[in-house]
Amino acid sequence: MKEDFLHFLWLFQYFDKKDLCTTQGETLSVLQVGNHNANAGADFSLGKVKIGGVDWAGDIEIHLKSSDWNAHQHQRNPAYNNVILHVVWQDDAPALRADNTPMPTLELKGRTDPKWLDQYQVLLNNKDVIPCARQFASVKTIQKLAMLDKALAKRLEDKAFLLRALLVKNKQDWDETTYQVLAKNFGFKVNSEPFLRLSQGLPLKVLRKSQDNIFQLEALLLGQAGLLDDKPNAEKVEDEYIARLRKEHHFLQRKHRLEDEQMSYEHWKFMRLRPTNFPTIRLAQFASLIHQQQNLFSLFFNNDYKTLVKKLQVSQSAYWQQHYTPGKAAKKSVPLLGKGSIENIVINTVVPLLVLYAKEKKQDEYMERATGFLEYIKAENNHILRMWEDLGLKVKTAFDSQALIELYNNFCTPRKCLQCSIGISIIKNPN
């Protein structure tokens, strides 16, 4: 058994409360379970109980065995001086306060339905990748949908939390933050961090001075990325366009004092990438988007889904429609920014930014717009979603797929069944 099972029992009061008393024989009533604490200190704060007719307010500490109190030296830790009740599975030794008086203790072992513990152990210890796979069909649809809503909310909040660090670093500048988040997304996982670093060393205000000139935008982005320089240990390749870009970059670099921010070829990954995902092509497309859109923040926040997608359908300049890398012509025309890439940008850039804005500005309509965008996009197709479909779920939109990816990665894989309404339903209603 893990301690989180006891947290679950206490939080939802899933135990027999008839003639409730402490192990010292005093009558006990639970008035308020308290707030679950994930940080240091007691497990629940702001709890309220009545012991022997006296009301107590304070913390609740939970252990598998009462002897864990002394083993963890809680009696010597001032952070536990406010504990009013010790909840344990088994009372195997007295728990003492700092003044050596006994800590009021509640033992749950004899007050819990053994079927619940058995079912919990089945979920915890079976070999299925999705712990509840064998019982999944027995769970009511409303409980599944409720958990999907919870999982999606967590996924969106976690993504927004990561973006908030950028917003703080940018001193609440939404334009700069939008630019950096979009740049990171253009790296499409493999080159996301180099793209972010590039955008942080090449501020949006610098690019805006060349916004009407696509050639200068390419020179700045590709030049500061170090991708106009020769590939290490490779034969020197030169053509007129790249020579002009390099010359323009040197001029603009000195003009805007960007020498110390230039990256190098080694920062970028090309191996095992499809040529359409080469950072050279993505940077050319990024330059085109900045060239065509005067304000990225306004683009994402003031358009409906169909208009947004249409405006994201940018084409790179003529040179990069014929070249994947500098100086080497492609055998066929280079594809433009495709539908899948645009949907990826909406899912991983636009939606998290809308969620962050909704939270920062306390404007729920942006949260609704974010989830609404996900319902326009067809679900991804990967092995995680195929596992859920094998269990009978219909995965239609990105709303569904994003929720199920979160559920699998952060609930099923770490076996957090007690934080999942599907798992709780199975534990409470064993077959």
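Note: the structure precedes this text.
All of the points below concern the structure found in this document. (Residues numbered from 1 in each chain as written. Predicted model: local features only at pLDDT ≥ 70, side-chain atom pairs only at ≥ 80, totals over all residues. Heavy atoms only, no water.)

### Topic: the packing of helix H3 (residues 114-125) against helix H17 (residues 421-428)
Then step 1. Across the interface, H3 lies against H17 with an axial gap of 8 Å and an inter-helix angle of 135°. With respect to their mutual orientation, H3 and H17 come out oblique. The segment H3 lies against H17, with Trp116, Gln119, Tyr120 and Leu123 engaging Gly423, Ile426, Ile427 and Lys428. (Axes fitted to C-alpha atoms, helices over the stretch in contact; angles between N-to-C directions. Helix = DSSP H or I, 4+ residues; strand = E, 2+ residues; numbered from the N terminus. Parallel < 35°, antiparallel > 145°, perpendicular 65-115°, else oblique. Contact = heavy atoms within 4.5 Å.)

### Things to note about the pairing of strand S4 (residues 54-65)
Then step 1. Sheet analysis places strand S3 (residues 44-51) next to S4, joined by 6 bridges and oriented antiparallel. When the sheet's bridge partners are listed, Ile51 is paired in S4 with Val54.
Then step 2. Where S3 hands over to S4, the hairpin turn is made up of 2 residues, of which Gly52 adopts a positive phi near 60°.
Then step 3. In this structure, S4 lies alongside strand S5 (residues 83-90), joined through 6 bridges in parallel fashion. Residue pairing for S5: Asp59 is matched across the bridge by Val83. (Pairing = 2+ DSSP bridges.)

### Structural notes on helix H9 (residues 240-256)
Then step 1. The end-to-end C-alpha distance of H9, which contains 17 residues, comes to 24 Å, matching closely the 24 Å that a straight helix rising 1.5 Å per residue would cover.
Then step 2. Buried within H9 are the following residues: Tyr241, Ile242, Leu245, Arg246, Glu248, His249, Leu252, Gln253 and His256.
Then step 3. The inward-facing, buried residues of H9 abut helix H7 (204-208) and helix H8 (214-225).
Then step 4. Near the N-terminus of H9, the side chain that reaches the backbone nitrogen of Tyr241, with its oxygen 3.3 Å away, is that of Asp239.
Then step 5. Trailing H9 by a residue or two, Arg257 shows a phi angle of about 55°, which is positive. (Expected span 1.5 Å × (residues − 1). Buried < 20%, exposed > 50% of the residue type's maximum accessible area, 1.4 Å probe, protein only. Polar contact = N/O pair within 3.5 Å; in protein donor to acceptor, adjacent residues only side chain to side chain.)

### Things to note about the nonpolar core
Then step 1. With 134 residues, the main nonpolar core has Trp10, Trp388 and Leu407 as its most contacted residues.
Then step 2. Per element, the largest residue contribution to this core is 12 residues, and it comes from helix H13 (residues 339-361).
Then step 3. Counting 6 residues, the second largest nonpolar core, distinct from the first, contains Ala42, Val83, Ala95 and Met103. (Core = buried A, V, L, I, M, F, W, Y, C linked by side-chain atoms within 4.5 Å.)

### What about the packing of aromatic side chains?
Then step 1. One pass over the full model with this rule turns up 29 aromatic pairs.
Then step 2. The lysine or arginine in question, Lys17, covers the ring of Phe15, its NZ or CZ lying 5.2 Å from the ring centre.
Then step 3. For Arg244, the ring lying beneath its charged end belongs to Phe215, and the centroid distance is 4.6 Å. (Phe/Tyr/Trp six-rings, centres within 6.5 Å; stacked < 30°, edge-to-face > 60°. Lys NZ or Arg CZ within 6 Å of the ring centre and 35° of its normal.)

### A look at helix H1 (residues 3-12)
Then step 1. Along H1, the positions that sit buried rather than exposed are Phe5, Leu6, His7, Phe8, Leu9 and Trp10.
Then step 2. Among the residues trailing H1, Gln13 stands out with phi positive, at a value near 55°.

### Here we look at the packing of helix H5 (residues 174-186) against helix H6 (residues 192-201)
Then step 1. Close contact between H5 and H6 brings their axes to 7 Å; oriented N to C, the two are set at 150°. Accordingly, the angle class assigned to the pair H5 and H6 is roughly antiparallel. Relative to H6, H5 is oriented so that their crossing is right-handed. Across the interface between the two elements, Glu176, Tyr179, Gln180, Ala183, Lys184 and Phe186 from H5 touch Ser192, Glu193, Phe195, Leu196, Ser199 and Gln200 from H6.
Then step 2. Taken together, the residues that form the contact of H5 with H6 break down as 5 nonpolar, 4 polar and 3 charged. (Left-handed = near helix turned anticlockwise from the far one by under 90°. Nonpolar A, V, L, I, M, F, W, Y, C, P; charged D, E, K, R; others polar.)

### Here we look at unusual backbone geometry
Then step 1. A positive phi angle is found at Asp19, which is not glycine, with a value near 50°.
Then step 2. Along the polypeptide, Asp19 turns up in the loop between H1 and strand S1 (28-32).
Then step 3. Look at Asp19 and you get exposed, because its relative accessible area is 62%.
Then step 4. Phi is positive for Arg415, close to 60°, though the residue is something other than glycine.
Then step 5. Assignment of secondary structure puts Arg415 in the loop between helix H16 (398-412) and H17.

### Considerations on the side chain of Thr112
Then step 1. One can find Thr112 in the loop between strand S6 (105-107) and H3.
Then step 2. Classification of Thr112 by relative accessible area gives buried; the value is 7%.
Then step 3. A polar side-chain atom of Thr112 sits 3.0 Å from the main-chain carbonyl oxygen of Leu108.
Then step 4. Those residues in contact with Thr112 that lie beyond four places of it in its chain are Leu9, Tyr14, Phe15 and Trp89.

### Considerations on the pattern of salt bridges
Then step 1. What the rule picks out here adds up to 9 salt bridges.
Then step 2. Taking the shortest distance from any N to any O, the salt bridge between Lys184 and Glu193 comes out at 3.4 Å.
Then step 3. Residue class for Lys184 comes out partly exposed when judged on its relative accessible area of 33%.
Then step 4. Residues participating in the shared-partner salt-bridge network are Lys154, Arg155, Asp158 and Glu406. (Salt bridge = Lys/Arg side-chain N within 4 Å of Asp/Glu carboxyl O.)

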